[in-house]
Amino acid sequence: MGTNIWNGIKNISEIFWGNGESAGYIVPFLLSIILLFLWLKNKEAKDMLGRYSILMLLLIYNPIFFILSALWLSGSTITWKAYVAAGSLNYLRVFYALPVTFLIAFVFVEAADRLKKKWKKAVLITSCVVIFLLTSKNVYCNGNYAKADNWHKVPEDTVAVCEIMRRNIEPDEEIKVLVTNDLIIYIRQYAAEVTMPYGRASMTEERAVAFSEGTITKEEWDKWMEDMNCNFIVCNWHSDLLDLLQDSGYAIVGETAGHVVLKAQKE
C-alpha cells in the first residue's frame, strides 16, 4: 500500500514538475524560496509567498493528505488501488495551488532591484536564463506542438464527419450522435449544434469506452438505442460493429479517412 501511495505522488509530480530529462520549474522555484529567506528582506513576501509555498509542499507530499484527496476527488467506493489511481489523476489540481511562476518572477525581480551595479544585474539575468535553459525542454521539439490541419485546429476527420452529418439532416432535424472517444472533444469544439449522449466524463464512461473498443453485445446495443436515441453514429473503419449497426436500422451516409458515418433510417 505504501508503495502505491509514493508511486502515485511520484507520477503526478513528474507530470507537474517534469521528469529526469527536464526539471521544469522545480529548480528555479526552490532557488527562489531560498533567496527569499536568505537574501531578500521583504517580510510580507516571506509570509505570503515563502511560508505559504513551504506549507503547501509539506501538505502535497504528505501521504495522509494524498489518501484523503484520492478518496474525496475520486468519489468512488472501489478498491484502494483504484482509489490511488483515480486520486492521483486528479491530484494534479492540488499542485496548481503553488504560486510557482509568481514566486519566481517576484524573487528575481526583487533580487535584480537590490543589485545596484549593472554588471551584477547582468550576471543575475544571465544566470536566470541559463537555469531555465538547463532545467526545461524546447517546446518546438518535444512533441507538444504539431501543424494544424485547418484553421479550427481540429483533426481533418472531425471536420469531414460534421459536414457529412450536416448534409444529411432535414431542415428542422437536430444532430445527436454517438461517436468514438477519439472524436468527442474535437466535435464539441468544432460543432456547437451537435449533441452527444454523455457528459464531461465521456472519455471514461462505460458506454463510450465499450463503443470505442467495439465490445458491445446485441442485447446491450438494443438497450442503448432506446436510452440514447441517436440519429447518427460514427465508428472506426475497422470496427466490428458495422454489421450490428446496419442490422439495427442504420445506413452508411458518408465515409472519411478513418471513420464511417451512419444515420438511422426512418421506418
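Notes on the structure in this doc start here. (Residues numbered from 1 in each chain as written. Predicted model: local features only at pLDDT ≥ 70, side-chain atom pairs only at ≥ 80, totals over all residues. Heavy atoms only, no water.)

**What to know about the overall build of the protein**
Within the protein, the secondary structure is distributed over 13 helices and five strands. Excluding contacts between residues fewer than 6 apart, the proportion of contacts in the protein whose partners are at least 24 apart in sequence is 61%. (Helix = DSSP H or I, 4+ residues; strand = E, 2+ residues; numbered from the N terminus. Contact = heavy atoms within 4.5 Å.)

**Considering the environment of A264**
Checked against the element boundaries, A264 lands in strand β5 (residues 259-264). On the basis of relative accessibility, which here comes to 29%, the residue A264 falls in the partly exposed class. C-alpha of A264 to C-alpha of L245: the two residues are 19 residues apart in sequence and 9.2 Å apart in space. With near-sequence residues (within four places) excluded, A264 lies in contact with C230, N231, G249 and Y250. (Buried < 20%, exposed > 50% of the residue type's maximum accessible area, 1.4 Å probe, protein only.)

**Things to note about the sheet that holds strand β4 (residues 250-255)**
If you walk across this open sheet you meet the five strands as β2-β1-β3-β5-β4, and the pairing is mixed. Looking at strand neighbours, the two that pair on one side only are β2 (194-195) and β4, the edges of this open sheet. Pairing between strand β1 (residues 175-178) and β2: two bridges, direction parallel. Its bridge partner lying in β2, K176 is registered against T195. The strands touched by helix α12 (residues 218-228) within the sheet are β1, β3 (232-236) and β4, with β1 carrying the most contacts at an inclination of about 155°. (Pairing = 2+ DSSP bridges. Axes fitted to C-alpha atoms, helices over the stretch in contact; angles between N-to-C directions.)

**Regarding helix α9 (residues 156-167)**
Taking 1.5 Å per residue, 12 residues should reach 16 Å; α9 reaches 17 Å between its end C-alpha atoms and fits that length. Where α9 is concerned, the buried positions are D157, T158, V159, V161, C162, I164 and M165. Close packing links the buried residues of α9 with β1, α10 (181-190), β2, β3, β4 and β5. (Expected span 1.5 Å × (residues − 1).)

Scope: geometric values only; no functional claims are made or implied.
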